[in-house]
Amino acid sequence: MQHFSPDHARNPLTRLQKFAVDYEFPVVFTRRLFRPGNPALLQVLGDAAQAQRLLIFVDSGVMAARPALPGEIASFVASHPLQVELAAPPIVMDGGEGVKQGLTHVLDMQQAMVEHGIDRHSYVVAIGGGAFLDAVGLAAATAHRGIRHIRVPTTVLSQNDSGVGVKNGVNLHGAKNYFGTFAPPFAVLNDLDFIDILPDREKRAGMAEAVKVALIRDRAFFEWLESAAGDLAAFHPDAMDYMIRRCAELHMHQIGQGGDPFERGTARPLDFGHWAAHRLEIMSGFSLRHGEAVAIGMALDCLYAVRVGLLRRPQADRALALLRALGFTLEHALLANTDVLMAGLVEFQEHLGGELTITLLKAIGKGVEVHHIDHAAMIAAAHDLAPFHQAGGAS
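In this text the structure is predicted, and so the values were computed from the model without any measurement.

The predicted model of the protein chain averages 90 in pLDDT, with 91% of residues at 70 or higher. Long-range and interchain partners of residues 389-395, a stretch whose pLDDT sits below 50, account for 18 contacts in this model, where long-range means more than four residues apart.

Next up, the structure:
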């Protein structure tokens, strides 16, 4: 007996195509990734009949801080000739926000893939910060409809947040991440040695995402951050390692278990503090690091939540106190330009493609989605953080 779908019963010309793709990828925490005796990379590549071909792109900022890296990679590959080979010497390209401005760098990356015969049985490896991973990931995801991509994040922000996600993209048409894809990586290899060589400002900026995910998802982690704030502010390696691992785990859990890994709905719980952060980054000409802008954005939304009766003031004070203890400056002159700042709400809604959905804080460890923002209360909260006002003074 033939069975028909409900759609077919209503319209005999309709067929329902349905399938599911079960996807998983390893996120490995290690040190000295390219030490010949470190098995992490070989394990994610797995067994194969012939050596696996890699085309490696390296962030120029990483190269400046670690000029011996190409030699380390060459020694690693020479120690494992039956398992891995380089399609070309590592290719150094500009990192930072500049790599995400338009498609120029993405097309250059794809040109290198063509020249070196990279296909869907090869691997594209990106070693760099979050913006660099975004651009290389987009190049890999759109070449041959998708080349296997391995991320080696080198900043706190990319190891504990963006590097373990499934998004790639660059800025285009005046909009952040307008041109991009949802394409999970083949693997993520977090080499914590890269963190040790970061400038202090970069180490600190990435901590904002740990505070963010703790505030909305994990009160115990927030309390650990409070207790470890002194060690984190001094960049103690043990504290930094745990902070990065736990933050990455919480982000992975939200992406994998939150029910919307490709962001088809309007809720973005991991974007707490981000509507203002994205706007502040642009307003500052990207002189504000992403994490620095997120810290300000979270402080702003906490003070707003107090003003509208959603969050108790002592809990907001704890959130702001932790951010300050980690070394963040929460007051910024740009917050006084409220007309330009508030336009960020419209941009955020357009990015969501539906109704406005903003994550706010109901209590430490508990985020909540709201669909309306009281502009007068938000402007007042912004004035609380503007430098010429009493810092933190929500009345």
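With that settled, consider the nonpolar core. Met243 and Trp275 are the most contacted members of the largest nonpolar core, which totals 71 residues. The biggest single contributor to this core is helix α14 (residues 290-307), with 12 residues. Beyond its immediate sequence surroundings of up to four residues, Trp275 is in contact with Leu300, Asp301, Leu341, Met342, Gly344, Leu345, Phe348, Ile358 and Met378.

With five of six residues buried, strand β7 (residues 167-172) is to be regarded as a mostly interior element. Inspection of the sheet shows β7 paired to strand β8 (residues 175-182) by five bridges, in the antiparallel sense. Directly across from Asn168, in β8, lies its bridge partner Thr181. Hairpin connection from β7 to β8: two residues lie between these consecutive antiparallel strands, with His173 at a positive phi of about 55 degrees.

Residue placement: His290 occurs in helix α14. Along the backbone, His290 and Leu157 are 133 residues apart, and their C-alpha atoms lie at a distance of 8.7 Å. Residue contacts for His290: discarding those within four places in its chain leaves Leu157, Glu209, His274, His278 and Glu281.

Attention now goes to unusual backbone geometry. Residues other than glycine seldom take positive phi values, yet Arg32 does so here, at roughly 55 degrees. Residue placement: Arg32 occurs in the loop between β1 (27-30) and α2 (40-45). The phi angle at Phe286 is positive, at roughly 65 degrees, despite the residue not being glycine. Note that Phe286 resides in the loop between α13 (274-283) and α14.

What follows is about the pairing of strand β2 (residues 52-59). Among the eight residues that make up β2, seven are buried, leaving the element largely enclosed by the rest of the structure. Both β2 and strand β3 (residues 84-86) contribute to a ladder of three bridges, which runs parallel. Paired with Gln52 across the bridge in β3 is Val84.

Compared with an ideal rise of 1.5 Å per residue, which puts 13 residues at 18 Å, helix α6 (residues 130-142) spans 18 Å between its outermost C-alpha atoms and is within 8% of the ideal. Here α6 lies mainly inside the structure; 12 of its 13 residues are buried. Those residues of α6 lying buried are Gly130, Ala131, Phe132, Leu133, Asp134, Ala135, Val136, Gly137, Leu138, Ala139, Ala140 and Ala141. Trailing α6 by a residue or two, His144 shows a phi angle of about 55 degrees, which is positive.

Turning our eyes to something else, we now look at a nonpolar patch on the surface. On the surface, a nonpolar cluster with roughly 380 Å² of combined accessible area is contributed by Phe19, Val21 and Tyr23. Note that Val21 resides in the loop between α1 (6-10) and β1. Val21 gets classed as exposed once you look at its relative accessible area, which sits at 64%.

Looking now at the side chain of Ser158. Within the fold, Ser158 resides in helix α7 (residues 156-160). Here Thr154 takes part through its backbone nitrogen, which lies 3.5 Å from a polar atom of the side chain of Ser158.

Along its 21 residues, helix α12 (residues 237-257) runs 30 Å from first to last C-alpha, staying within 8% of the 30 Å computed at 1.5 Å per residue. Tucked into the core, α12 has its buried residues touching β1, α7, α8 (193-196), α9 (200-217), α10 (219-227) and α11 (229-233).

Moving on, we get to the packing of α13 against α14. With their axes 7 Å apart at the nearest point, α13 and α14 run at an angle of 135 degrees to one another. Taken together, α13 and α14 sit at an angle that is classed as oblique. In this structure, α13 crosses over α14, and the sense of that crossing is right-handed. In this structure, α13 uses His274, Trp275, Ala276, Ala277, His278, Leu280 and Glu281 to contact α14, whose residues at the interface are His290, Ala293, Val294, Ile296, Gly297, Leu300 and Asp301. In the contact of α13 with α14, the residues fall into eight nonpolar, four polar and two charged.

Going through the model one piece at a time under the given rule, you end up with six aromatic pairs. Centroid distance Phe34 to Phe76: 6.1 Å. Interplanar angle 80 degrees. Geometry classified as edge-to-face. One end of the pair, Phe34, is in the loop between β1 and α2; the other, Phe76, is in helix α4 (residues 69-79), with 42 residues separating them in the sequence. For Phe34, a relative accessible area of 6% gives the class buried. Overall, Phe76 belongs to the buried group, its relative accessible area being 1%. Measuring from centroid to centroid gives 6.1 Å for Phe221 and Trp224, while their planes differ by 15 degrees, and the two rings are stacked. Of the two residues, Phe221 and Trp224 both sit in helix α10, three residues apart, roughly one turn of that helix.

Contact geometry for α9 and α14: axes closest at 7 Å, N-to-C directions at 40 degrees. Judged by the inter-axis angle, α9 sits oblique to α14. Considering only the axes of α9 and α14, their crossing is left-handed. For the pair formed by α9 and α14, the contact residues are Arg201, Ala205, Ala208, Glu209, Val211, Lys212 and Leu215 on the first element and His290, Gly291, Glu292, Val294, Ala295 and Met298 on the second. Among the residues forming the contact of α9 with α14, the class breakdown is seven nonpolar, two polar and four charged.

Rules used throughout
- Residues numbered from 1 in each chain as written.
- Predicted model: local features only at pLDDT ≥ 70, side-chain atom pairs only at ≥ 80, totals over all residues.
- Heavy atoms only, no water.
- pLDDT = per-residue confidence, 0-100.
- Contact = heavy atoms within 4.5 Å.
- Core = buried A, V, L, I, M, F, W, Y, C linked by side-chain atoms within 4.5 Å.
- Buried < 20%, exposed > 50% of the residue type's maximum accessible area, 1.4 Å probe, protein only.
- Helix = DSSP H or I, 4+ residues; strand = E, 2+ residues; numbered from the N terminus.
- Pairing = 2+ DSSP bridges.
- Expected span 1.5 Å × (residues − 1).
- Patch = residues over 30% accessible without salt bridge, like charges linked within 9 Å, V, L, I, M, F, W, Y side chains within 5 Å.
- Areas by Shrake-Rupley, 256 points an atom, 1.4 Å probe, with all protein chains shown as cover.
- Salt bridge = Lys/Arg side-chain N within 4 Å of Asp/Glu carboxyl O.
- Polar contact = N/O pair within 3.5 Å; in protein donor to acceptor, adjacent residues only side chain to side chain.
- Axes fitted to C-alpha atoms, helices over the stretch in contact; angles between N-to-C directions.
- Parallel < 35°, antiparallel > 145°, perpendicular 65-115°, else oblique.
- Left-handed = near helix turned anticlockwise from the far one by under 90°.
- Nonpolar A, V, L, I, M, F, W, Y, C, P; charged D, E, K, R; others polar.
- Phe/Tyr/Trp six-rings, centres within 6.5 Å; stacked < 30°, edge-to-face > 60°.

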